[in-house]
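Notes for the structure review
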Amino acid sequence: MSPPRRWIGHWAVLGCVACGDAERPRYVTEHLDVELYDGEVLCDGSLEIMDAQVERVSAFLGIDPPPQISVFYGHSAVKDGCGGTWGGCARASGVYATSASIFHELVHAVRHSQGKPGSVGSWLFEEGLAEVLSGFRWHLQSELALPSTLERGPAMLAALPRGEGKFVPEDYPTAGHFMSWLRTTYGDAALVAFLNDPRYLGGDAYEEAFAAHFGLSIAEADSAWRSAAATEYLWSEPCDPARALPWTGSTLEFSDTVDCEAPHTTGPAGEIDAVTLRSHCFTLAQPKMVRAEFEAGGGRLRLMPVDCVDTGELAPEYYDYKRLKGGETQELPLAACTWEVQVDGIAGLTLDFMLRLTQL
Ligand SMILES: [Zn+2]
């Protein structure tokens, strides 16, 4: 089920933050008030997913979603609102972001509701959290760092006073990787208890809070993190459980419409303004040859592997993503994975399709 949304119309006349009065498209969802810059367009599915991110982050932290968050969306909004070369930012006035940074900045916006904007916790943990939780729907977040050789490590970054210009872009991978290590080593319960501890939130006694919840000092954690193998952490959540596609015996049929005004279609994106039906996934328990019939008067379909059981015995093509054009039928090797079905259409048009999968 999708959350109810209150529409106030796509073309409300509004004042503008940094560039005089202008008419800009504006969307109001349950948790967001989104103003679009630069002629941006947002399909309903993109808005629904942005809204879902607010609920997801709030649920992770065990708090109620904050009141309506203002979002200024588009490259010029980011340039005016954040300055420098930042890809986005979250201020007291709201979130300035593009599709690449929106999930990250919404994490900050939710955190700001737990204190005063700009004075919640410290850079290291707040940026690390925003990096880790930004792996959602269309955004795959990879955390890679070389802990053993790093000069600006977690212990040093944790002690940085808050304020502009202290945390540099090169510190983001460190923050994201250290947070990934904390989360996978100590679990969400300990992590959330630390993040919500007033001693950390207020910044007064973060070392005490850290030791209380993780059982070691930040300096000790820095050493343990450095001596752990340089793991790559992948954070992603492309599938919506409410849109899982079931098999009936050895057949799966899925018919729908790609439509920018439907709550499952995201975009537009890319040079051709593709809009894409997303978040629908099916699971294959065993590797199979599968006949895929994609009945549509155009468009493209992709099957993307999400979580796979890799026994090392299958040829690599079982794990490759698959691609079909409208009207095509193919017999495909599919590994035992959860697969996301993505269907591309063109903004402004609707595309009816039917996908039929048959296990051979
Ligand atoms: Zn950030």
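Residues numbered from 1 in each chain as written. Predicted model: local features only at pLDDT ≥ 70, side-chain atom pairs only at ≥ 80, totals over all residues. Heavy atoms only, no water.

An unreviewed UniProt entry lists the protein chain under the name Peptidase MA superfamily protein, with Nannocystis exedens given as the organism.

**Description of the overall build of the protein chain**
Looking only at helices and strands, the protein chain features nine helices and 18 strands. Relative to the globule expectation of 21 Å for 360 residues, the C-alpha radius of gyration of the protein chain, 22 Å, shows essentially globular dimensions. Its C-alpha atoms give the protein chain principal-axis dimensions of about 60 × 60 × 30 Å. In the protein chain, buried positions account for 50% of the 360 residues. If you take every contact in the protein chain between residues at least 6 apart in sequence, the share linking residues at least 24 apart comes to 69%. Split by element, the accessible area of the protein chain, about 16,100 Å² in all, is 52% carbon and sulfur. For the protein chain, the distance from the average position of its 26 positive side-chain charges to the average position of its 50 negative side-chain charges is 1 Å. (Helix = DSSP H or I, 4+ residues; strand = E, 2+ residues; numbered from the N terminus. Rg over C-alpha atoms; globule rule 2.2 N^0.38 Å. Buried < 20%, exposed > 50% of the residue type's maximum accessible area, 1.4 Å probe, protein only. Contact = heavy atoms within 4.5 Å. Areas by Shrake-Rupley, 256 points an atom, 1.4 Å probe, with all protein chains shown as cover. Lys, Arg positive; Asp, Glu negative; His and termini not counted. Charge placed at Lys NZ, Arg CZ, Asp CG, Glu CD.)

**Focus on the coordination of the zinc ion**
The protein atoms that coordinate the zinc ion are His104 (NE2), His108 (NE2) and Glu127 (OE), at distances spanning 2.0 to 2.1 Å. Read in sequence order, the donor residues for the zinc ion give the motif H-x3-H-x18-E. A residue pair is termed long-range when its members are at least 10 positions apart, and His104 in helix H3 (residues 102-112) and Glu127 in helix H4 (residues 123-133) qualify at 23 residues. Of the two residues, His104 and Glu127, neither departs from the other in class, the shared state being buried. (Donors = N, O, S within 2.8 Å, 3.2 Å for Na, K, Ca; no water.)

**Things to note about helix H1 (residues 44-61)**
For an α-helix, 3.6 residues make a turn, and residues three or four places apart therefore share a direction. Taking 1.5 Å of rise per residue, 18 residues should cover 26 Å, and H1 covers 26 Å from first to last C-alpha, within 8% of that figure. With 15 of its 18 residues buried, H1 lies for the most part within the structure. (Expected span 1.5 Å × (residues − 1).)

**As for the sheet that holds strand E5 (residues 69-73)**
Strand order in the open sheet formed by five strands is E3-E4-E5-E7-E6, with mixed pairing between adjacent strands. Of all the strands in the sheet, the pair left with one neighbour each is strand E3 (26-28) and strand E6 (89-91). Each strand of the sheet is rotated relative to its neighbour by a mean of 15 degrees, with strand direction disregarded. Relative to strand E4 (residues 32-36), E3 runs antiparallel, the two being bridged by three bridges. Paired with Arg26 across the strands is Glu35, a residue of E4. In this fold H1 packs onto E3, E4 and E5, with an angle of close to 140 degrees to the strand it touches most, E4. Where helix H2 (residues 75-82) meets the sheet, it contacts E5, E6 and strand E7 (94-97), and its direction lies at approximately 125 degrees from that of E7. (Pairing = 2+ DSSP bridges. Axes fitted to C-alpha atoms, helices over the stretch in contact; angles between N-to-C directions.)

**Observations regarding the state of the cysteines**
Across all of its chains, the model carries four disulfides by this definition. Paired through a disulfide, Cys82 and Cys89 show a sulfur-sulfur distance of 2.1 Å. Between Cys82 and Cys89 the disulfide shows an S-S torsion of about -85 degrees. By sign, it is left-handed. Like Cys82, the residue Cys89 is buried in the burial classification. Indicated for the protein chain is the disulfide connectivity 1-5, 2-3, 4-6, 7-8, based on numbering the bonded cysteines in sequence order. (Disulfide = S-S within 2.5 Å.)

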